[in-house]
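One-letter residues, chain by chain:
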There are 2 protein chains.
Amino acid sequence: MDARKLRYFAVLADERHFGRAAQKLSLSQPPLSYAIRQLETELGVKLFVRNSRNVRLTPAGVVLQREAQALLRRMDETEQLVKAVADGRDGQIRLGFGGSMLYRGLPAIVDEFRAQLPAVDLSLREMGSTDQIEALHRDEIDLGFVHVRTTPTGLDGFRYHAEPFVACLPATHRHAKARRISLSQLHRDDFVLFSRKRSPDYYESIIGSCLSAGFVPNVRHELAHWLSVVSCVANGLGVALVPRTLASSRLAGAVFCTIAEETIKSETWCVWKPKSLSNAAVAKSLALIKACAPVQRPARQRRARMTRGVRSPRDRALRRTS
Amino acid sequence: MDARKLRYFAVLADERHFGRAAQKLSLSQPPLSYAIRQLETELGVKLFVRNSRNVRLTPAGVVLQREAQALLRRMDETEQLVKAVADGRDGQIRLGFGGSMLYRGLPAIVDEFRAQLPAVDLSLREMGSTDQIEALHRDEIDLGFVHVRTTPTGLDGFRYHAEPFVACLPATHRHAKARRISLSQLHRDDFVLFSRKRSPDYYESIIGSCLSAGFVPNVRHELAHWLSVVSCVANGLGVALVPRTLASSRLAGAVFCTIAEETIKSETWCVWKPKSLSNAAVAKSLALIKACAPVQRPARQRRARMTRGVRSPRDRALRRTS
DNA sequence: CAGAATTGATACAAGATCTGTATCAATCGC
DNA sequence: GCGATTGATACAGATCTTGTATCAATTCTG
C-alpha cells in the first residue's frame with residue numbers, strides 16, 4: 001500500500017470514473033485500472049464495484065477513501081514541516097539566559113521571534129552562566145546569554161552587550177548624594193556580590209576592580225539574583241557594584257552613582273555549540289539576535305561622554321531612584 | 001516521498017547504521033544508501049550527517065523520524081481497518097425500529113452486537129414502519145424492524161417475530177373480568193388504534209379482524225405509540241386490540257384478555273435493501289439478528305394451547321395489571 | 001606508525017515495476 | 001440494433017529498484 005496507489009485510489013474514489021481520474025492524474029486509463037486492481041489484491045479487499053457502466057465504492061472503499069485522504073494530507077504536511085525545519089522556519093529553540101537579560105533586550109528578542117519565525121517553538125530557560133555553559137555542552141539548550149569576558153572553551157559566541165558597572169549604595173549611605181564616586185571611597189564598606197558559583201566572571205571582575213583601586217573588598221553577602229543584590233543594598237546591608245542596567249530597577253532605598261575608575265565592564269555574550277550551527281533554526285535565530293543586539297559603540301567614545309558629564313537618557317535615569 | 005522510502009528512513013533513523021538497517025530491511029546496503037539519498041534529494045533536505053564513521057540525524061531528520069513513525073503506524077492501522085470493514089468485523093450499522101421492539105428483544109440484540117461485533121458502530125433510530133421503509137430506500141438506515149405482513153416491495157426480509165393481538169379494556173369495562181372475549185362483544189365500543197400513517201398494516205389488521213367478526217369498529221382515537229394506546233384505554237377512552245407483548249406494560253387501569261376469534265397476528269419483520277448485503281457488516285448483523293429471533297413455533301401448536309386455556313408464563317402475566 | 005577492520009559511497013548489470021498504445025468486451029441509450 | 005462509452009487486457013518500452021563487486025575514508029589495534 002504505497003503512497004502512489006493511495007493517491008490514485010483517492011482521486012478515483014472522488015471521481016468514480018476511471019477515465020476522468022486517469023486524466024486528472026495525468027495518466028492513461030489502463031495503468032490506473034492496473035494499479036487499483038493491484039491495491040485490491042494486496043489488501044485482499046474489493047474497493048470498487050465496477051458495473052462497466054458506473055463505478056461505486058464498497059463500504060471498505062468508503063472507509064479507505066476517508067483514511068487515504070487523511071493520510072495523504074498528513075504526508076503533505078509532513079513534507080512541508082520537514083522542509084520548514086530544514087531551512088529554519090520551523091523548529092525548537094531553547095534559550096538560556098540570566099535574569100538580567102530581561103532588562104537587556106530579551107523581550108525584544110522574543111518579539112522578533114514571534115514576528116520573523118512564528119513557527120519556531122521558542123522556550124526560555126532561566127539559569128546562571130555556569131549552568132548555561134554546561135547545558136550547552138549537554139545539548140540541553142541551543143543558545144545562551146552568559147556573563148563572561150571571552151568565548152568559553154568549546155563554544156562559539158559574540159559579545160551581545162557590554163556596559164560599565166556602577167556603584168549601588170543605600171540611600172542612607174554617606175556618599176549617597178554623590179554623582180560620581182571613587183572605588184577607594186568604599187574600601188571599608190561591606191560588599192554584596194553576585195553569586196560566585198553562578199557567574200564566576202562577574203565575581204572576579206568586581207574583586208579585580210577593587211584590587212586595582214588598592215583594597216580588598218569586604219565580601220559580606222553573595223546573592224543569586226541581581227535584584228536581590230540591589231534589594232540587599234537598599235536595606236542597608238552593604239554596597240555593591242552592579243551593571244548599569246540595574247539602575248532602571250527602581251528599587252526604593254538604593255541609589256546608583258558612576259564610578260570614577262575604569263571598571264571592567266559587565267559583558268553579556270551570546271554563545272552556542274559550534275555544531276548547533278548546522279541546525280538551521282539556530283542559525284536563523286542567531287542572525288535575528290545579532291540584529292537585535294544593542295549597537296556596539298566604540299568604548300572610547302562612551303567613556304568620554306561619561307567623564308564629561310554628558311548623560312544619555314539612560315544616564316539620567318540613574319538618579320531617579322532613592 | 002513514498003511509503004517504501006519512508007519505511008527505509010524510519011529503520012535507518014532508529015539504527016543509525018546503514019549496514020544494520022539494510023539487514024533489518026532484508027536489503028543490501030547500497031540500495032538503502034541510494035533510497036535515502038533519493039529521499040533527501042526529492043525533499044531538498046539533508047536528513048542524515050554521515051561521518052563515514054557514524055550516522056546522525058539532522059534536526060529535520062529528527063522531525064521526519066517522529067512523523068514517519070506516525071505515518072507508517074497510521075498506514076498500518078488503515079490497512080487493518082479496511083480489512084476489518086471488508087469482512088464485517090468493523091463498520092457502521094444504523095438500525096431502525098419501532099418503540100415496541102424494546103419489548104421484543106432489541107436489548108438482547110444490542111448485547112449480542114457488543115459481544116460479537118464490538119468494533120461495529122451500532123446506532124439505533126426509533127421510527128415508524130413507514131418511515132423505516134423510506135429510510136431504507138434512501139440508505140439512511142441499514143436494517144429495519146417493521147410491522148408488515150410481507151416483505152415490502154424492493155426490500156428483502158424475514159419474519160422476526162409474530163404474536164396474536166389481545167383485547168385491551170379499561171378496568172371499569174363491563175367485560176373487564178372476562179378471561180376471554182369475543183370481538184363481537186366490542187362492536188359498540190369506541191376503538192383506540194395505532195396511527196394509520198405510522199403503521200398501515202397494524203391499522204388494517206385490526207379493522208380487518210373486526211370486519212371478520214361482523215362489525216365496523218368505531219375508530220375514535222389514533223395514537224402514535226402503543227403505550228399511548230394502552231394509556232388511553234386505561235383512562236376509559238375506549239378499547240383496543242394490541243399485540244400481546246403490551247400486556248407486560250403494567251399500566252394501571254388497563255386489563256388484557258385473549259380474543260376468541262383468530263385475529264391476524266402482529267408481525268415484526270426484519271428488512272433491508274437487497275444491495276446492502278454486499279456490506280459485510282450488514283450480512284454479519286443479519287446473521288446475528290436471526291440467531292436472536294424468538295423461535296418460530298408452528299402456528300397450529302400455539303393456537304391449540306391458547307384455546308385449551310393452557311397458559312405460558314407470558315399468558316399468566318396477562319391478568320396481572322388492573 | 002602501519003595495517004586490519006569497519007563505514008558508507010559508487011559503478012554497473014539484472015530484475016521488477018510502471019506506463020503508454022492499441023485493442024477488446026460489455027453495457028446503456030437512442 | 002447500432003453507436004457511444006465504460007473498464008479490462010495484451011504487449012512493449014521506459015523507469016525504478018536491487019544485488020554484486022569494489023572503492024575511499026576513518027578508526028582501532030598491535
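Reading guide: rules and limits
- Residues numbered from 1 in each chain as written.
- Chains lettered and ligands numbered in written order.
- Predicted model: local features only at pLDDT ≥ 70, side-chain atom pairs only at ≥ 80, totals over all residues.
- Heavy atoms only, no water.
- Near = heavy atom within 4 Å.
- Polar contact = N/O pair within 3.5 Å; in protein donor to acceptor, adjacent residues only side chain to side chain.
- Helix = DSSP H or I, 4+ residues; strand = E, 2+ residues; numbered from the N terminus.
- Nonpolar A, V, L, I, M, F, W, Y, C, P; charged D, E, K, R; others polar.
- Contact = heavy atoms within 4.5 Å.
- Buried area = accessible area lost by both parts, 1.4 Å probe.
- Salt bridge = Lys/Arg side-chain N within 4 Å of Asp/Glu carboxyl O.
- Patch = residues over 30% accessible without salt bridge, like charges linked within 9 Å, V, L, I, M, F, W, Y side chains within 5 Å.
- Areas by Shrake-Rupley, 256 points an atom, 1.4 Å probe, with all protein chains shown as cover.
- Buried < 20%, exposed > 50% of the residue type's maximum accessible area, 1.4 Å probe, protein only.
- Domains from an automatic or database assignment.
- Least-squares fit on C-alpha atoms with pLDDT ≥ 70 in both.
- Pairing = 2+ DSSP bridges.
- Axes fitted to C-alpha atoms, helices over the stretch in contact; angles between N-to-C directions.
- Phe/Tyr/Trp six-rings, centres within 6.5 Å; stacked < 30°, edge-to-face > 60°.
- Lys NZ or Arg CZ within 6 Å of the ring centre and 35° of its normal.
- Disulfide = S-S within 2.5 Å.
- Expected span 1.5 Å × (residues − 1).

Here's the deal with the protein's contact with DNA strand D
Then, in step 1: Looking at DNA strand D, there are 21 residues lining it, with His-17, Phe-18 and Ser-33 of chain A together with Arg-4 and Tyr-8 of chain B nearest.
Then, in step 2: With respect to DNA strand D, the side chain of Ser-33 of chain A contributes an N or O atom lying 2.8 Å from a phosphate oxygen.
Then, in step 3: Arg-37 of chain A is positioned with one of its side-chain polar atoms (N or O) 3.1 Å from a phosphate oxygen of DNA strand D.
Then, in step 4: Broken down by secondary-structure element, the contributors of at least two residues to the surface near DNA strand D are α2 (18-24) and α3 (29-43) of chain A together with α1 (3-15) and α3 (29-43) of chain B.
Then, in step 5: Taken together, the residues that form the surface near DNA strand D break down as 8 nonpolar, 8 polar and 5 charged.

Examining the protein's contact with DNA strand C
Then, in step 1: Surveying the vicinity of DNA strand C reveals 22 residues, the closest of which are Arg-4 and Tyr-8 of chain A together with His-17, Ser-33 and Arg-50 of chain B.
Then, in step 2: Within the side chain of Arg-50 of chain B, one N or O atom sits 2.9 Å away from a phosphate oxygen of DNA strand C.
Then, in step 3: When grouped by side-chain class, the residues that make up the surface near DNA strand C number 8 nonpolar, 8 polar and 6 charged.

Structural notes on the interface of chain A and chain B
Then, in step 1: Taken together, the contact between chain A and chain B spans 26 residues of the former and 26 residues of the latter.
Then, in step 2: For the chain A and chain B pair, buried surface summed over both sides reaches about 2,500 Å², with 76% attributable to carbon and sulfur atoms.
Then, in step 3: Among the residues of chain A in contact with chain B, Arg-74, Met-75 and Val-82 of chain A are the three that bury the most area, contributing 21% of the side total.
Then, in step 4: There are 2 salt bridges connecting chain A and chain B.
Then, in step 5: Close ionic contact of Glu-67 of chain A with Arg-74 of chain B constitutes a salt bridge, the shortest N to O distance being 3.3 Å.
Then, in step 6: Here chain A is connected to chain B by 3 residue pairs in polar contact (both at pLDDT 80 or more).

Structural notes on a nonpolar patch on the surface
Then, in step 1: On the surface, Leu-102, Tyr-103 and Leu-227 of chain A cluster together into a nonpolar patch covering about 260 Å² of accessible area.
Then, in step 2: Looking at where Leu-227 of chain A falls in the secondary structure, it is placed in helix α8 (residues 226-234).

Some details on the pattern of salt bridges
Residues and elements named next belong to chain A.
Then, in step 1: Following the criterion strictly, the structure yields 39 salt bridges over all chains and no others.
Then, in step 2: We note a salt bridge from Asp-87 to Arg-89, for which the minimum N-O separation is 2.7 Å.
Then, in step 3: We note a salt bridge from Glu-134 to Arg-138, for which the minimum N-O separation is 2.6 Å.
Then, in step 4: When its relative accessible area of 38% is taken as the criterion, Glu-134 is described as partly exposed.
Then, in step 5: With a relative accessible area of 52%, Arg-138 lands in the exposed category.
Then, in step 6: A single salt-bridge network, built from bridges that share partners, covers Asp-2, Arg-4, Lys-5 and Glu-42.

So, unusual backbone geometry
Then, in step 1: Despite not being glycine, Arg-16 of chain A shows a phi value in the positive range, around 55°.
Then, in step 2: One non-glycine residue, Asp-139 of chain B, lies in the positive phi region at around 60°.
Then, in step 3: Within the fold, Asp-139 of chain B resides in the loop between α6 (129-137) and β5 (143-146).

Some points on the domain arrangement of chain A
Then, in step 1: The domains assigned to chain A are domain 1 (3-86), domain 2 (91-161 + 267-300) and domain 3 (163-266 + 301-317).
Then, in step 2: Just the C-alpha atoms count here: the centres of domain 1 of chain A and domain 3 of chain A sit 72 Å apart.

As for the relation of the copies chain A and chain B
Then, in step 1: Expressed as a screw operation, the relation of chain A to chain B combines 0.0 Å of axial shift with a rotation of 180°, fitting to an RMSD of 0.2 Å. Both chain copies can therefore be described as sitting about a two-fold axis.
Then, in step 2: Most of the interface of chain A is mirrored in chain B: 100% of its interface residues are interface residues there too.

So, the sheet that holds strand β6 (residues 156-163) of chain B
All names here are of chain B.
Then, in step 1: As summarised here, the arrangement of the 5 strands in space is β4-β3-β5-β13-β6, forming an open sheet in which the pairing is mixed. Bordering the open sheet on either side are β4 (120-126) and β6, each of which pairs with just one other strand. For this sheet, the mean inter-axis angle between neighbouring strands, taken without regard to orientation, is 20°.
Then, in step 2: By the bridge criterion, 3 bridges tie strand β3 (residues 91-97) to β5 in an arrangement that is parallel. Its bridge partner lying in β5, Phe-97 is registered against Phe-145.
Then, in step 3: The strands touched by helix α5 (residues 106-116) within the sheet are β3, β4, β5 and β6, with β4 carrying the most contacts at an inclination of about 165°.

Focus on the packing of aromatic side chains
Then, in step 1: Tallied over the full model, the rule gives 16 aromatic pairs over all chains.
Then, in step 2: When the ring of Phe-158 of chain A is compared with that of Trp-272 of chain A, the centres are 6.1 Å apart and the planes differ by 55°; the resulting orientation is tilted. One end of the pair, Phe-158 of chain A, is in strand β6 (residues 156-163); the other, Trp-272 of chain A, is in strand β13 (residues 266-272), and 114 residues separate them in sequence. The residues Phe-158 of chain A and Trp-272 of chain A share a single accessibility class, namely buried.
Then, in step 3: For the ring pair Phe-191 of chain B and Phe-215 of chain B, a centre distance of 6.1 Å and an interplane angle of 40° mean the geometry is tilted. Of the two residues, Phe-191 of chain B sits in strand β9 (residues 190-194) while Phe-215 of chain B sits in the loop between α7 (200-212) and β10 (218-223), which places them 24 residues apart along the sequence.
Then, in step 4: Of the aromatic side chains, those joined through ring pairs into one cluster are Phe-165, Phe-194, Tyr-202 and Trp-226 of chain A.
Then, in step 5: Sitting over the ring of Phe-158 of chain A, Lys-290 of chain A keeps its end group 5.2 Å from the ring centre.

Description of the side chain of Asn-279 of chain B
Then, in step 1: The residue Asn-279 of chain B is located in the loop between β13 (266-272) and α9 (280-292) in this model.
Then, in step 2: From its side chain, Asn-279 of chain B meets the backbone nitrogen of Ala-281 of chain B in a polar contact 3.0 Å long.

Describing α8 of chain A
Residues and elements named next belong to chain A.
Then, in step 1: Within the span of α8, buried status applies to Trp-226, Val-229, Val-230, Cys-232, Val-233 and Ala-234.
Then, in step 2: Among the structural elements, β7 (165-170), β9 (190-194), α7 (200-212), β10 (218-223), β11 (240-243) and β12 (254-259) are those in contact with the buried residues of α8.
Then, in step 3: Note on α8: the residue one or two positions beyond its end, Gly-236, has a positive phi of about 80°.

Considering the state of the cysteines
Then, in step 1: Using the criterion set out here, one finds 0 disulfides over all chains in the structure.
Then, in step 2: The thiol of Cys-232 of chain B is not disulfide-bonded; the next cysteine sulfur, from Cys-168 of chain B, is found 9.9 Å away.

Focus on the sheet that holds strand β3 (residues 91-97) of chain A
All names here are of chain A.
Then, in step 1: Spatial ordering of the open sheet is given by β4-β3-β5-β13-β6, a layout of 5 strands whose pairing is mixed. Strands with a single pairing partner mark the edges of an open sheet, and in this sheet they are β4 (120-126) and β6. Direction aside, neighbouring strands of the sheet carry axes that sit 20° apart on average.
Then, in step 2: Of the strands in this sheet, β3, β4, β5 (143-146) and β6 touch helix α5 (residues 106-116), which is tilted by about 165° from β4.

Considering α7 of chain A
All names here are of chain A.
Then, in step 1: The terminal C-alpha atoms of α7, which comprises 13 residues, lie 18 Å apart, in line with the 18 Å expected from a rise of 1.5 Å per residue.
Then, in step 2: Residues of α7 that are buried include every one of Asp-201, Tyr-202, Tyr-203, Ser-205, Ile-206, Ile-207, Ser-209 and Cys-210, and no others.
Then, in step 3: Packed against the buried residues of α7 are β7, β9, β10, α8, β11 and β13.

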